[in-house]
Structure formats: structure tokens, C-alpha cells
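Listed below are the residues making up each chain.
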Amino acid sequence: MKNIADKNRSSTPSIKVVVVEDQSWLRENLVQEISRDSHLSCVNAYRTAEAALRGIPKDQPDVVLMDINLPGIDGVECVKRLKNLLPEVRCLMLTVYEESEKIFNSLVAGASGYLLKRTSTEELLDAIRQVHGSGSPMSSSIARKVVAYFNEMGKEKSETNKLSPREQEVLELLANGSSYKEIADQLSLTLETIRMNIKHIYGKLHVHSRGEAAAKYMRESSFRVSKKI
């Protein structure tokens with residue numbers, strides 16, 4: 001019976017995992033826990049995003065456990081670059097951060113899940129299997145923040161929808177850094193008309209500055225991109 005069990009175990013395809021974590025003790029612990037699971041195989045571990053970007057294309061993992069707060073290139077940017085190199089790789093963020101912005105940026109970059117480092121070993125290993133099976137595991141507190149964040153973005157999106165087509169054109173140019181005169185020249189309008197459009201934009205978006213208006217425009221643009229992803 002022992003030989004049959006060993007044969008069955010060895011014939012079961014392993015999910016290849018790479019760990020990217022700058023804290024040595026945590027990185028080593030993750031490697032050990034993953035290696036204990038008969039269906040998982042930790043093929044490599046890296047301390048920095050730079051090293052990971054050089055090595056992971058050779059490792060060809062199925063799943064990457066990615067810390068956000070890495071020295072140098074952070075985890076979010078690393079995921080973005082990895083997805084360009086290996087579109088099929090599944091990335092699972094593992095971090096202490098619960099900030100909505102970090103969560104959202106990770107998901108837009110291409111992460112498939114987001115777990116807190118205090119997640120139990122059993123939940124973590126299960127999340128790796130879920131991610132490999134095209135799931136999107138998240139800690140419950142993270143899931144609530146994601147829902148709240150997207151709901152808030154939806155409200156902002158509806159505010160920008162209040163703008164006329166001309167005002168949306170003006171807002172896009174404004175967000176891209178164009179001066180009032182450049183906007184007027186590009187749209188073949190007078191400077192006074194542009195000033196009036198911008199005044200209406202501020203009122204409809206409930207903002208008081210160019211920066212606030214640009215931020216709402218950029219968040220809506222990110223929302224549209226995330227929906228496509």
C-alpha cells in the first residue's frame with residue numbers, strides 16, 4: 001500500500017510556486033510551508049523585485065506569492081512587469097497592508113488575489129490552489145474594502161457622466177497637463193469659453209482645484225481599465 005501511495009503522490013502534478021519576500025525569516029517560512037504540501041512545489045524564492053524579474057521567466061512558475069513593500073521596485077510594479085513577461089502566471093499578493101489604494105492598484109496591475117500576512121498557513125495554501133484554478137481569493141476584510149472602494153468609484157464615475165461631451169474633452173486635456181491656452185487652441189475655442197467649461201466641471205464634480213478634478217478623471221479611467229481586465 002505504501003508503494004502505491006508513494007506512486008500516486010509522485011504522479012500528481014505539482015503547482016509550481018515562487019515566493020518574493022524581502023524578510024528572510026518569512027521568506028524561509030513560506031518556502032517550508034509550501035514544500036510540505038504534496039500538491040505544491042516551491043521552485044524559487046527572491047528577496048527583491050529586481051531579482052524576481054530576472055529569475056522568474058526561467059522558473060516558469062504557476063503562482064507567484066508577492067509582497068508589496070519590497071526594497072527598490074515595489075510588489076505592484078513587479079506584478080505589472082511580470083504579467084507582461086508571463087501573461088499566464090497567477091500572482092497572489094501577501095502583505096500587511098489593508099489600504100484600499102494599494103489593493104486596487106495591485107488588482108489593476110494584474111494580481112489575482114490579495115491576502116494579509118496574518119492569514120493562517122492552511123488558508124494560504126488553499127489560496128494558492130484557488131489562484132491556480134483561476135480563483136481570486138481575498139481575506140474577508142480585504143474583500144469588504146474592495147467592494148466599498150469600487151462602490152465609491154462608481155459614485156465618482158456617475159459624477160463624471162454628468163459632464164457634457166465638450167466638458168469631458170476639456171477634463172481629459174486638463175488631467176493630461178495641458179494649459180488653459182493649449183486646451184483652447186486644441187479645441188478651437190476661446191480662452192474664456194475654456195474657463196467657463198472648467199468652472200462647470202468643478203461644480204459638477206464637487207471639486208475646487210485642477211488637481212482634484214484630474215484625480216477623479218484618473219480614477220474613472222483606472223476603473224474602466226479594471227473592468228476590462
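It should be emphasised that the depicted structure is a prediction, and the values quoted were computed from it without experimental measurement.

This part covers the nonpolar core. Soluble globular proteins: nonpolar side chains tend toward being buried together. Of all hydrophobic cores here, the largest spans 28 residues; its most connected members are Val 20, Ile 56, Val 64, Met 66, Cys 78, Leu 82 and Met 93. Within the residue set of this core, elements represented by two or more residues are β1 (15–20), α3 (49–59), β3 (63–66), α4 (75–85), β4 (90–95), α5 (100–109) and β5 (113–116). Here this core takes five residues from α3, the largest share from any one element.

Turning to the side chain of Glu 167, a few remarks are in order. Counting through the fold element by element, Glu 167 comes out in helix α8 (residues 165–175). A relative accessible area of 4% means that Glu 167 is categorised as buried. Glu 167 has contacts with Asn 197, His 200, Ile 201 and Lys 204, leaving out every residue within four places of it along the chain.

With that settled, the discussion passes to α4. An α-helical turn contains 3.6 residues, so a residue and the one three or four places further along point in the same direction. Where α4 is concerned, the buried positions are Gly 75, Val 76, Cys 78, Val 79, Leu 82 and Lys 83. When α4 is viewed along its axis, its buried side chains cluster within an angular range of 155° and face the same direction. Each element contacted by the buried residues of α4 is listed here: α3, β3, β4 and α5. The opening residue of α4 is Asp 74, an N-cap whose side-chain oxygen sits 3.3 Å from the backbone nitrogen of Val 76.

Take the sheet that holds β4 next. Two modes of strand pairing occur in sheets, parallel and antiparallel, and in both the strands are linked by backbone hydrogen bonds. Strand order in the open sheet formed by five strands is β2-β1-β3-β4-β5, with parallel pairing between adjacent strands. The open sheet is flanked by β2 (40–46) and β5, the only strands paired with a single partner. Within the sheet, the average angular offset between the axes of one strand and its neighbour, ignoring direction, is 25°. Judged from the four bridges that link them, β3 and β4 form a sheet pairing that is parallel. Paired with Leu 65 across the strands is Leu 92, a residue of β4. Packed on one face of the sheet, α3 meets β1, β2 and β3 and runs near 150° to β2.

This part takes up the confidence of the model for the chain. For residues with low pLDDT, the predicted coordinates do not support detailed interpretation. Scored by pLDDT, the chain comes out at a mean of 83, with 83% of its residues at no less than 70. A low-confidence stretch, residues 1–11 stays under pLDDT 50, and its non-local contacts, those more than four residues away or across chains, total one contact. Below a pLDDT of 50 lies the segment residues 225–229, which in the model reaches four contacts outside its immediate sequence neighbourhood of four places, other chains included.

To continue, consider the packing of α8 against helix α9 (residues 180–187). Running from N to C, α8 and α9 point in directions that differ by 135°, and their axes come no closer than 10 Å. Here α8 lies oblique to α9, going by the angle between them. In this structure, α8 meets α9 at a crossing whose hand is right-handed. Touching Arg 166, Glu 169, Val 170, Leu 173 and Leu 174 of α8 are Tyr 180, Ile 183, Gln 186 and Leu 187, all from α9. Its residues placed into classes, the contact of α8 with α9 shows six nonpolar, one polar and two charged.

Looking at the element boundaries, Ser 41 is found in strand β2. In this structure, the C-alpha to C-alpha distance between Ser 41 and Pro 61, residues 20 residues apart in sequence, is 9.3 Å.

Rules of the game
Residues numbered from 1 in each chain as written. Predicted model: local features only at pLDDT ≥ 70, side-chain atom pairs only at ≥ 80, totals over all residues. Heavy atoms only, no water. Core = buried A, V, L, I, M, F, W, Y, C linked by side-chain atoms within 4.5 Å. Buried < 20%, exposed > 50% of the residue type's maximum accessible area, 1.4 Å probe, protein only. Helix = DSSP H or I, 4+ residues; strand = E, 2+ residues; numbered from the N terminus. Contact = heavy atoms within 4.5 Å. Arc of directions from axis to C-beta. Polar contact = N/O pair within 3.5 Å; in protein donor to acceptor, adjacent residues only side chain to side chain. Pairing = 2+ DSSP bridges. Axes fitted to C-alpha atoms, helices over the stretch in contact; angles between N-to-C directions. pLDDT = per-residue confidence, 0-100. Parallel < 35°, antiparallel > 145°, perpendicular 65-115°, else oblique. Left-handed = near helix turned anticlockwise from the far one by under 90°. Nonpolar A, V, L, I, M, F, W, Y, C, P; charged D, E, K, R; others polar.

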